[in-house]
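Geometric and topological summary
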Amino acid sequence: MNDSLESLLGREQNGSASTASVDTTTADLERNFTENHPVYSVILLCFYVIIFTVGLIGNSMVLYVVIKHKAMRTTTNIFIACLSVSDLAICIFAVPFTPLAALLASWPLGLVMCKMVPYILALCVFVSTMIFVAIAIDRFLIIVHPHFPRMTSLQQKLIIAGLFLLSVSASLPVGVFMRTNVKRNGQIECKEFWPSNEASRIYTFMVLLLQLILPTLLVAACYIAIALKLRKQSKLLHKNSGNDKVKANAQRNSKINRMLVAMVVIFIGCWLPLDLYHFVVPLIPEGYEMHVFMVVHVIAMSSIMYNPFLYGWMNENFNRHFRHIVPCLDYKKCRDGRESQDMTRITTFRAELSSYALQEQQGSNLLTPDMNGDHSPNHAKQQSNQSEAGEPLLVLE
């Protein structure tokens, strides 16, 4: 999973000595991709723009809801906020720069960004994977072992810090061995330069183990145990159908777990094709390697935009807060709101029209003489009082 950017620009695992032998092939691949397939490139760019926009807005909304509303700062939601931070970092650092490097067939951002972009991407994927494991274990303890002490706020902070430090350490080789290299055609590439093939293979296997195999096994074991526990509880509730509160709690737990399982399945489904790509490259027909890579990379990057939709769809609290932030997410409410605004405008217009007609009538009465020809001081005094009180006087033109 850490190989996305460097694979795009031609991953080098044999050290700098073999760089010259692959320069021509890599350059031809990139040039053919960018020059001979402009429509394909535009379509991919549109996908990247959609992923960037939706991922940025959606994950920002999740963070806003968790930070602003104290009631939303549950253990699971804080882990979810950490996932959103990780997805935002991928959105900012990986989504824009990867297609840029592919379309330019060169790395234009220098050595510092060459090291930082792949490192941050690898770090975020490690963090996301470990957060999924932490959520699964927490849900397992809550449901399967309800008498086990709940995680305190301090414990959760220490766990998150520990997972972050572990992810920093596991991703460090990516930043260390990434370097820029000037090819014979003058283009600059950003690659991994490992001391040996053996070191590269060991690290690749370690990444596969820590990012995919072990987390998947742990998460699957936790959620299978949770599913069995909830099924057992459901059977007991059917036999003793008297406690509505217990039923509601069981249904809520079941819905939350379905949401969390969906998050894990989507994450693995999005990143697995990119992992498998590095193993099946020799089987891909010559000249299509870059096309396949860009497709699987788009699928991997799209993982950052699905979670907010899942939260809004399967979590009532997030759903309510999202609708408050963006009222037109609720079509009926938005339609009713527009109708209410229209009725308010009509009522206001009618009130203003009635007020204007009343003022015209009052002004006309001021110009109409008394039937008895009363020009007494009292009548003049009444007109004077009305003028001082601010009543409008009709001016003859």
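Quick caveat: nothing in here was measured; it's all calculated off a predicted structure. Within every chain, residues take consecutive numbers counted from 1 along the sequence as written. Restriction of local features to residues with pLDDT of at least 70 applies here, the model being predicted, together with a cutoff of 80 or more for giving and counting side-chain atom pairs; totals for whole chains, interfaces and linings are based on all residues. Excluded from the side-chain calculation are hydrogens and water; included are all heavy atoms of the structure.

1. Considerations on the packing of helix α6 (residues 110–143) against helix α7 (residues 153–177)
The condition is simple: Convention adopted: a line fitted to C-alpha atoms gives each axis, helices being fitted over their contacting stretch, and angles between N-to-C directions are expressed from 0 to 180 degrees. In this description a helix means any DSSP run of H or I spanning at least four residues, a strand means any run of E spanning at least two, and both kinds are numbered starting from the N terminus. Geometric relationships in this document are graded by angle, where less than 35 degrees denotes roughly parallel, more than 145 denotes roughly antiparallel, 65 to 115 denotes roughly perpendicular, and other angles denote oblique. Should the near helix be turned counterclockwise from the far one by less than a right angle, the crossing is left-handed, whereas a clockwise turn marks it as right-handed. Only heavy atoms matter for contacts: two residues are in contact if any of them lie within 4.5 Å across the pair.
Packing of α6 against α7 leaves a shortest axis separation of 8 Å and a crossing angle of 150°. As far as their axial angle goes, α7 and α6 are roughly antiparallel. In the packing of α6 onto α7, the handedness of the crossing is right-handed. Taken together, the residues of α7 that come into contact with α6 (itself represented by Lys115, Pro118, Tyr119, Ala122, Leu123, Phe126, Val127, Met130, Ile131 and Ala134) are Leu163, Phe164, Leu166, Ser167, Val168, Ala170, Ser171, Leu172, Val174, Gly175 and Val176.

2. Notes on helix α11 (residues 307–314)
Going by this rule: Summary of the burial criterion: residues with accessible area below 20% of their type's maximum are buried, those above 50% are exposed, and those between are partly exposed, where the area comes from a 1.4 Å probe applied to protein chains only.
The buried fraction of α11 is high, at six of eight residues. The complete set of buried residues in α11 reads Asn307, Pro308, Leu310, Tyr311, Gly312 and Met314.

3. Considering the state of the cysteines
Going by this rule: Any two cysteine sulfur atoms within 2.5 Å of one another count as a disulfide.
Across all of its chains, the model carries one disulfide by this definition. Through a disulfide, Cys114 is tied to Cys190; the S-S separation comes to 2.0 Å. Looking along the S-S bond of the Cys114-Cys190 disulfide, the torsion reads about 95°, which is the right-handed sense. Of the two residues, Cys114 sits in helix α6 while Cys190 sits in strand β2 (residues 188–192), which places them 76 residues apart along the sequence.

4. Remarks on the pattern of salt bridges
Where charged atoms from two side chains of opposite charge come close, those side chains can pair. Our working rule: When a carboxyl oxygen of Asp or Glu is within 4 Å of a side-chain nitrogen of Lys or Arg, the pair counts as a salt bridge.
Within this structure, the stated rule accounts for two salt bridges. For Glu189, the salt bridge identified is with Lys191, shortest N-O distance 2.9 Å. As far as the burial class goes, Glu189 and Lys191 line up, both buried. Here Arg201 and Glu198 are joined by a salt bridge, their closest N and O atoms 3.1 Å apart. Of this pair, Arg201 and Glu198 both sit in helix α8 (residues 197–239), three residues apart, which is roughly one turn of that helix.

5. So, the nonpolar core
Selection criterion: In this description, a nonpolar core means a group of buried Ala, Val, Leu, Ile, Met, Phe, Trp, Tyr and Cys residues linked to one another through side-chain atoms lying within 4.5 Å.
Counting residues in hydrophobic clusters, the biggest one holds 82 residues, and the most contacted among them are Ile90, Trp271, Met301, Tyr311 and Phe318. Among the elements that make up this core, the one with the highest residue count is α6 (19 residues). Those residues in contact with Ile90 that sit more than four places away from it in its chain are Val95, Leu121, Cys124, Val125, Trp271, Met301 and Ile304.

6. Examining the packing of aromatic side chains
Note the cut-off: Only the six-membered ring of Trp is used, alongside the rings of Phe and Tyr, when aromatic pairs are assigned; centres must lie within 6.5 Å, and planes under 30 degrees apart are stacked while those over 60 apart are edge-to-face, with the rest tilted.
For the structure shown, the criterion picks out seven aromatic pairs. Between Phe267 and Trp271 the ring centres are 6.4 Å apart and the planes differ by 45°, which places this aromatic pair in the tilted class. In this pair, Phe267 and Trp271 are both assigned in helix α9 (residues 244–280), four residues apart and thus about one turn of the helix distant. For Phe267, a relative accessible area of 10% corresponds to the buried category. Judged by its relative accessible area of 0%, Trp271 is buried. An aromatic cluster is built from Phe132, Phe267 and Trp271, whose rings are joined through pairwise contacts.

7. Here's the deal with α6
Heads up, the rule is: By this rule, a helix spans an expected 1.5 Å times one less than how many residues it contains.
For α6, with 34 residues, the first-to-last C-alpha span of 50 Å sits near the 50 Å given by 1.5 Å per residue. Counting buried positions along α6 yields 25 of 34 residues, so the element is predominantly enclosed.

8. Remarks on the environment of Tyr40
Mapping Tyr40 onto the fold places it in helix α3 (residues 38–68). On the accessibility criterion, Tyr40 (24% relative accessible area) is partly exposed. As a C-alpha pair, Tyr40 and His291 span 251 residues in sequence and 8.7 Å in three-dimensional space.

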